[in-house]
Amino acid sequence: MKKKMFTLKFILLGFIAGLINGLLGSGGGTILVPGMFFLLDIEEHKAHATAISVILPLALVSAFIYIKHGVIVWNITFKIMIGGILGGYIGANLLSKIPGNLLRKIFAIFMIIAAIRMVF
Amino acid sequence: MNLVLIGLLSGIIGGMGIGGGTILIPALILFTSLTQQQAQGVNLLSFVPVAFIALITHLKNKNVKTSISLPLIGLGLLGSILGSFLAVNISSDILRKFFGIFLFFMGLYEFFYKDKRRTK
C-alpha cells in the first residue's frame, strides 16, 4: 500500500459510510467496497472482507441507539435472523455455482422498482 | 413463517455479496406493516450474527486489512452515531423516501456493475 492514509477522501469515506449505515440502517458496505477499491486501491475480495470488519462495530453502535429509542421489533428481528443466517450460509456456497452477474442484474431491477415504490 | 422466508432470501443474496440489507428493508416495508425505522432496526440487528461469522472466516484467511479498517471504524463510528440519531428523530415517511433515493442509485450501480477486475 503506497497511498497515504488520512487523506480527505479517506476521512470522508469512513464518515459517510457510517452516516449512511446509521441513517438508513444499511448501505455502509455498498459505499465502502467501491470506495476502498477505487480510492484506496485495495483488491476487491479484501475490500469486501475489510468492509465487514468496519460495518460490524458500526451496526452494533447504531443498533444500540435504535434499541434505546425503542424502534426494535424483537420477534420479527429474531425470525429474520434465523432465515438470514441460514440464507447467508446457502448464499456463500452458491456463489461459485450461479452466474452472479445475471443475478446481480435481476436484483438490481428489483431494487430500482422497490425504490420507486418507496419514494412515491 | 413468511418472515423467516424473507430472511432466508435476503440472507442468500447477502451471502453472495449482492447486498442483503438493500433487499431486506424494502421487502419488510412492502410486505409487513413495520415503519421505516423498525425495518432498518431489523436489518441492523440481523446483520450482526451473520457478519460476526463471516468476519471470523475473513480474519482467518487474512483478508481483513486492519491498517485500513481500524481508522475507518473510528471515522465510521462518528458517522453512524450522528446518522442513527437523525434516523430515530425524523419522520418515517421522510426516511423512507431518503432510503428509496439511495436504493435507486444503488440499484443503478448494481445493474451496471462489471464483474471483471478493473485495471487502472
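Cut-offs applied
- Residues numbered from 1 in each chain as written.
- Chains lettered and ligands numbered in written order.
- Predicted model: local features only at pLDDT ≥ 70, side-chain atom pairs only at ≥ 80, totals over all residues.
- Heavy atoms only, no water.
- UniProt positions renumbered as here; feature names shortened; annotations may be inferred.
- Helix = DSSP H or I, 4+ residues; strand = E, 2+ residues; numbered from the N terminus.
- Patch = residues over 30% accessible without salt bridge, like charges linked within 9 Å, V, L, I, M, F, W, Y side chains within 5 Å.
- Areas by Shrake-Rupley, 256 points an atom, 1.4 Å probe, with all protein chains shown as cover.
- Salt bridge = Lys/Arg side-chain N within 4 Å of Asp/Glu carboxyl O.
- Buried < 20%, exposed > 50% of the residue type's maximum accessible area, 1.4 Å probe, protein only.
- Core = buried A, V, L, I, M, F, W, Y, C linked by side-chain atoms within 4.5 Å.
- Contact = heavy atoms within 4.5 Å.
- Phe/Tyr/Trp six-rings, centres within 6.5 Å; stacked < 30°, edge-to-face > 60°.
- Lys NZ or Arg CZ within 6 Å of the ring centre and 35° of its normal.

K.L.:
It is not clear to me how the UniProt feature "transmembrane region" (unreviewed entry) in chain B should be interpreted in this structure. Could you clarify?
P.N.:
Residue and element names in this part refer to chain B. The UniProt record marks residues 7-31, 37-56, 68-88 and 94-113 with the feature "transmembrane region" (unreviewed entry), using the residue numbering of this structure. Helix makes up 100% of residues 68-88 and strand 0%, and the two end C-alpha atoms of the span are 30 Å apart. Across residues 94-113, helical content stands at 95% and strand content at 0%; the span's end C-alpha atoms are separated by 29 Å.

K.L.:
I would appreciate a short explanation of a nonpolar patch on the surface in the present structure.
P.N.:
On the surface, a nonpolar cluster with roughly 280 Å² of combined accessible area is contributed by A:Leu8, A:Leu12 and A:Ile16. Note on placement: A:Ile16 falls in helix α1 (residues 8-24).

K.L.:
Quick question: what am I supposed to make of unusual backbone geometry here?
P.N.:
Outside of glycine, negative phi angles account for most residues, and trans bonds account for most peptide bonds. One non-glycine residue with positive phi stands out, namely A:Asp41, at about 60 degrees. Along the polypeptide, A:Asp41 turns up in the loop between α2 (28-39) and α3 (44-68). Looking at A:Asp41, the relative accessible area reads 37%, which means it is partly exposed. We note that B:Lys62 has phi near 55 degrees; this positive angle belongs to a residue other than glycine. Judged by relative accessible area, B:Lys62 falls into the exposed class, the value being 66%.

K.L.:
I would appreciate a short explanation of the nonpolar core in the present structure.
P.N.:
A:Leu32, A:Met36, A:Ile80 and B:Leu28 are the most contacted members of the largest nonpolar core, which totals 61 residues. Take this core: its biggest share by element is 9 residues, from α3(A). Apart from residues no more than four positions distant in its own chain, A:Leu32 is found in contact with A:Leu13, A:Ala17, A:Ala51, A:Val54, A:Ile55 and B:Leu72. If you look at the next biggest cluster of nonpolar residues, it comprises 7 residues, including A:Ala49, A:Leu56, B:Ala51 and B:Leu55.

K.L.:
Honestly, the packing of aromatic side chains in this entry has me stumped. Any pointers?
P.N.:
Working definition: an aromatic ring pair is given by the centre-to-centre distance plus the angle between the planes. Summed over the entire model, instances satisfying the criterion amount to 6 aromatic pairs over all chains. Ring geometry for B:Phe104 against B:Phe105: centres 5.6 Å apart, planes inclined by 85 degrees, an arrangement best described as edge-to-face. With 6.0 Å between their ring centres and 70 degrees between their planes, B:Tyr109 and B:Tyr113 make a pair best called edge-to-face. Take B:Tyr113: its relative accessible area is 9%, and that puts it in the buried class. Directly above the aromatic system of B:Tyr113 lies the positively charged group of A:Arg104, at a separation of 4.1 Å from the ring centroid.

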